Amino acid sequence: MFKKLFGSNTGKEEVNQNAQNQNLNSDETNDFDSEYEETEYDPETLHGTHYDVDDFEEEVERLAQAWIEQEDITSQSEINNVFFNYRRDVYMAWNQCDSDQYIRFDQRNSMAHHGIASMGNTVEDESNPLLAPVHGIALRDYAAICAKLGSGVAEDEIYKAFGIDATIWGELNTIWPARMAEDTTFSVSVLFGQYFGEADQHPKLQGIKTNLSEEGEANLERLKNDPYFYYELTGARQAAYEYGMDGAQWILDNFGIGLGDFQSVAMKYMELQNQNFDSNVVLHYHEYQDEKQAEYAEKFAAEQGGNVADDVEF
Amino acid sequence: MFGLFNKKDADNNTSVSAEWLAQIHENQQRFFDFLDKIEVRMQELTDAAIPELTEMRNNTEESFKMDFHRMKSGIDGQMENIRKKVYDVHDDKILDLYHEIKHNYSPKDKERDLLDTFRTDCRNRYNIFEEKYQVCSNAINATDYEDYEIAYQKVLDEYAAIKDKFNCKQCGSPISIEKIFFINVHLNCSACQTQNTFEPSTQARMVQHFAQDLAQQRAADLYEKYQKEDEKERFHYHEMHPLKLSLNFEKDSKIKAEVEAKIADLEAKRQESIKNTPLFRKEYLHKKFAEWKKIIPDLADHLETRLQNELANIEE
Amino acid sequence: MDEKKPLSFIEKMKLKAQSQKSYGIDESFAFKEAKLDAENCPNCGAGRAKQDGLTHCGYCGHEFIAITLTDGLFLKKEDNSQH
């Protein structure tokens, strides 16, 4: 059953560098050595290169069908589960990898495995009618417009940049969300998210600046480059909501960053997290965010004179 | 943490056991008192919050109800804060103590039973708190309710009032608004052919966004019917479970036959629920989407696609 | 312990909720009435007629909108100007 377990060590592509360094603009990658780097992976499919993908599929099929027959499974969701489990087992056995590598593989092939698009792992399929431009406005344009409107850019300025008017915008802002809701694979929504994160790079928006203060500009730059700052503000915003404040407004008031710009950066971090999935890194930032959220919560509690049950003690 | 246990002597635990028995007794009492007090506070918070939240939710002046949402979020935050406090106290004063005693004294027999009872009693009391928390939390969540028929009726009234009110900007001939539009639309003047642009009011624009909630409210009866049917499956399953266990010890063949008949009856009901649940779900979805299409007929094709997607997801 | 604590607490929280600005919402512009408007060509002043299409002025060819309309909700391909 085991094919050639160890691929050649030459010409190895480090496509799955762990995401310890989630710096958005930096090219440097942190060498977070993986114990499992003996296996060489195809950069597209993340299959090990020491076996044939067809052989892999055949093996999964063989094991799954045998189990389905033996257990007399008929429900489609249970059948899907059987395939899911064997695909994981075979992948981890053939590649001698850890579960993080398997999750990266599963995310990368989410559409094929689950029929569902995965953030950061989805490319636009031009034959998909749900992705055809509406009144000449493609999904990438629509997402960029939403990001900028969400950060307070005037509507007229946006309409001018894209050569549309309020009437056309009304149609776009009805039809694109409707397509997202119709799409059972979530491709439209996931691509919307990916494009939302790239709004700044949209060629038609180059002349348009969000009306940011100098401080806001600097903070936005820092947000893009410093994951700790990003997770701190995410925690702070959450704490603000829990203390009866408008978290988005709080970020704007205190850091000068609009919600559209903030979410745009959030999409980028989410993409990186999916593409370079590493449970230790995820946990690390998650704990950091919780810690910061608790710090801000304490601050907000003090500002309102404490929490309602502070005086009830054990 | 509990320094008094450090002088433990594992071989001679009869005299020390009195010490930890007193400690678990004290912690249990304090835990119960603490929960009594914090439950009162939680109830006071809920009672004080609900009328305010209800008033803010129904306030017609603030069209987006943002103040309500901020307030609700703040109340939820306080509720969460209470829940976390209880969780931490239970973890710290009950579970940690339990594990510490177990580790340091390895109590056996009757003492072990006492220690386990301490944990179970505290856990049960904690569960009662959780139930009360859910009741409060549900009551607070229930304030976030809007009867969308009212908003919709306003839109209908507005439409009746404005549909024949407009004239062509170019020649002054009347232009009637043929239906409720929820986005801008160009209308042609039949006299001079000029394109006029109709811009719906803020409340008419909202129709697109609350249409689903309104349709859901109109199909609430069938939704409830479906939910109830869905719950029956687990309910009958749990009813059967003790009966099945009792059969293991039953010697009397007559009683055995009776129990078996009961089980068969429950299983039939359970199967009935499994059969009906998807049918009831479809029934509910058909009604919801039919209502939804009635509210925004311009999106009927799109809604039909979504209905078909939902129906395809139901396994029979 | 102050008997009225939750009540005064709620009062304070309500004030806080009501006094804040909501992100992206200007309440003074929140409610707009329905209206009907027509726009003349900013270049030549001509009115815009249905048969001329929506994208360009039927008289001087001025471009009103830069994109080509497809079949949307109320706007259709036929609404493109034939210039």
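Going along each chain's sequence as written, the residues are numbered from 1 onward. For this description, chains carry letters from A and ligands carry numbers from 1, given in the order in which they are written. Since the coordinates come from a predicted model, pLDDT governs what is reported: local features require at least 70, and pairs of side-chain atoms require 80 or more to be given and counted, while whole-chain, interface and lining totals use all residues. Here the side-chain values reflect all heavy atoms present in the structure, with hydrogen atoms and water set aside.

This part takes up the overall build of chain B. The number of helices and strands found in chain B is nine helices and four strands. Reading the helices (α) and strands (β) of chain B from amino to carboxyl end gives α-α-α-α-β-β-β-β-α-α-α-α-α. Computation of the radius of gyration draws on C-alpha atoms, with the globule rule given as 2.2 Å multiplied by the number of residues to the power 0.38. A globule of 316 residues ought to have a C-alpha radius of gyration of about 20 Å, yet chain B, at 31 Å, is considerably larger. Burial here depends on accessible area, computed with a 1.4 Å probe over protein chains only, as a share of the maximum for the residue type. Under 20% is buried, over 50% is exposed, and the range in between is partly exposed. Across the 316 residues that make up chain B, the buried fraction comes to 42%. Using a 1.4 Å probe, the Shrake-Rupley method yields the accessible areas, and only the shown protein chains count as cover for residues. As displayed, chain B offers around 17,100 Å² of accessible surface, 51% of which is attributable to carbon and sulfur atoms. Neither His nor the chain termini are counted; the positive set is Lys and Arg, and the negative set is Asp and Glu. Taken as the charge centre is NZ of Lys, CZ of Arg, CG of Asp or CD of Glu, depending on the residue. Once the 47 positive and 60 negative side-chain charges of chain B are each reduced to a mean point, those two points are 1 Å apart. Runs of H or I in DSSP of at least four residues are treated as helices and runs of E of at least two as strands, each being numbered from the N terminus.

This part covers the interface of chain B and chain C. By the convention used here, residues are in contact when the closest approach between their heavy atoms is within 4.5 Å. Each partner contributes residues to the interface: chain B has 46 residues there, and chain C has 35 residues. By buried area we mean the combined loss of accessible area, with a 1.4 Å probe, across both parts when two parts are placed together. Counting the surface lost from both chain B and chain C, the interface buries some 3,600 Å², and carbon and sulfur atoms represent 65% of this. Note on definitions: salt bridges are taken to be side-chain nitrogens of Lys or Arg within 4 Å of carboxyl oxygens of Asp or Glu. Taken together, the links from chain B to chain C amount to one salt bridge. E52 of chain B is the salt-bridge partner of K14 of chain C, the closest N and O atoms lying 2.7 Å from each other. In protein, a polar contact means a hydrogen-donor-capable atom and an acceptor-capable atom, both N or O and within 3.5 Å, with residues adjacent in sequence counting only if both atoms are side-chain atoms; elsewhere, any N or O pair within 3.5 Å suffices. Counting the contacts that link chain B with chain C gives nine residue pairs in polar contact (both at pLDDT 80 or more). Among the elements of the structure, α1 (13–58), α2 (66–105), β1 (166–167), β3 (185–188), β4 (195–199) and α5 (202–205) of chain B are those that each provide at least two residues to the side of chain B that touches chain C. With eight residues, α1 of chain B is the single largest residue contributor to the side of chain B that touches chain C. By the convention adopted, Pro, Cys, Tyr, Trp, Phe, Met, Ile, Leu, Val and Ala count as nonpolar, Lys, Arg, Asp and Glu as charged, and the other residues, Gly among them, as polar. When its residues are assigned to classes, the side of chain B that touches chain C shows 19 nonpolar, 15 polar and 12 charged. Bridge count for β4 of chain B against strand β1 (residues 35–37) of chain C is three bridges, and the pairing is antiparallel. In short, DSSP must find at least two bridges between two strands for them to pair.

Residues and elements named next belong to chain B. Structurally, chain B comprises domain 1 (3–145), domain 2 (149–205) and domain 3 (208–312). Taken together, the contact pairs nine residues of domain 2 with 11 residues of domain 3. Interface area, domain 2 with domain 3, both sides summed: about 810 Å², of which 56% is carbon and sulfur. Sorting the residues of domain 2 by area buried against domain 3 places E149, Y152 and F182 first, and these three jointly supply 66% of that buried surface. Across the contact surface, domain 2 and domain 3 share two salt bridges. Where domain 2 packs against domain 3, one counts two residue pairs in polar contact (both at pLDDT 80 or more). All domain edges in this entry derive from an automatic or database-based domain assignment.

Another aspect to go through is the side chain of H202 of chain A. All names here are of chain A. Structurally, H202 can be placed in the loop between α8 (187–196) and α9 (214–225). Here the side chain of H202 touches D141 through a polar contact of 2.6 Å, side chain to side chain. Of the polar contacts made by the side chain of H202, one reaches the backbone nitrogen of K204; its length is 3.0 Å. When near neighbours in sequence (up to four residues on either side) are disregarded, H202 contacts R140, D141, A144 and F162.

What follows deals with the environment of M180 of chain A. Residue and element names in this part refer to chain A. Within the secondary structure, M180 sits in helix α7 (residues 166–182). Sequence separation between M180 and L131 is 49 residues; the distance between their C-alpha atoms is 9.6 Å. Excluding residues that lie within four positions of it along the chain, M180 makes contacts with Y142, V188, S189 and F192.

With that settled, the discussion passes to helix α10 (residues 227–242) of chain A. Residues and elements named next belong to chain A. Between the first and last residue of a helix there are one fewer steps than residues, each counted as 1.5 Å, and that sum is the expected span. Across its 16 residues, α10 extends 23 Å between first and last C-alpha, which sits within 8% of the 22 Å expected from 1.5 Å per residue. All buried positions along α10 are accounted for by P227, F229, Y230, Y231, E232, L233, T234, G235, A236, R237, A239 and A240. Buried residues along α10 sit in contact with α9, α11 (247–255), α12 (259–275) and α13 (279–303). Where α10 starts, the residue carrying a side-chain oxygen 3.0 Å from the main-chain nitrogen of Y228 turns out to be D226. Residue G244 follows α10 closely and has a positive phi angle near 70°.

Moving on, we come to the nonpolar core. Soluble globular proteins tend to bury their nonpolar side chains together. Of all hydrophobic cores here, the largest spans 77 residues; its most connected members are L139, Y142, I164 and L172 of chain A together with F198 of chain B. When residues in this core are grouped by element, the largest group, seven residues, is from helix α5 (residues 139–149) of chain A. Ignoring anything within four residues of it in the chain, the contact list for I164 of chain A reads I137, Y159, W169 and L172 of chain A together with I65 and I67 of chain C. Working definition of a nonpolar core: buried Ala, Val, Leu, Ile, Met, Phe, Trp, Tyr and Cys residues. They are joined through side-chain atoms within 4.5 Å.

The next subject is a negative patch on the surface. Here the term patch refers to residues with relative accessible area over 30% and no salt bridge, with like charges joined within 9 Å and nonpolar side chains (Val, Leu, Ile, Met, Phe, Trp, Tyr) within 5 Å. Negative charge collects at one region of the surface, where D52, D54, E57, E58 and E61 of chain A lie side by side. Mapped onto the fold, D54 of chain A is located in helix α1 (residues 53–71).

Turning next to α9 of chain A. All names here are of chain A. Taking 1.5 Å of rise per residue, the 12 residues of α9 would be expected to cover 16 Å, and the 17 Å separating its terminal C-alpha atoms lies within 8% of that figure. Considered for burial, the residues of α9 that qualify are G216, N219, L220, L223 and K224. Here the buried residues of α9 occupy an arc of 140° about the axis, which is enough to place them on one side. The exposed residues of α9 that point more than 90 degrees off its buried face are E214 and E215. Looking at the buried side of α9, the elements it contacts are α10, α11 and α12. Note that the arc is defined by the directions from the helix axis to the C-beta atoms.

Here we come to the side chain of N307 of chain A. Among the secondary structure elements, N307 of chain A is positioned in the segment after α13. Judged by relative accessible area, N307 of chain A falls into the buried class, the value being 7%. Among the polar contacts made by the side chain of N307 of chain A, one reaches the side chain of Q78 of chain B at a distance of 3.0 Å. Here N307 of chain A is in contact with Y243 and A301 of chain A, Q78 and N81 of chain B together with K5 and F9 of chain C, once residues within four sequence places are set aside.

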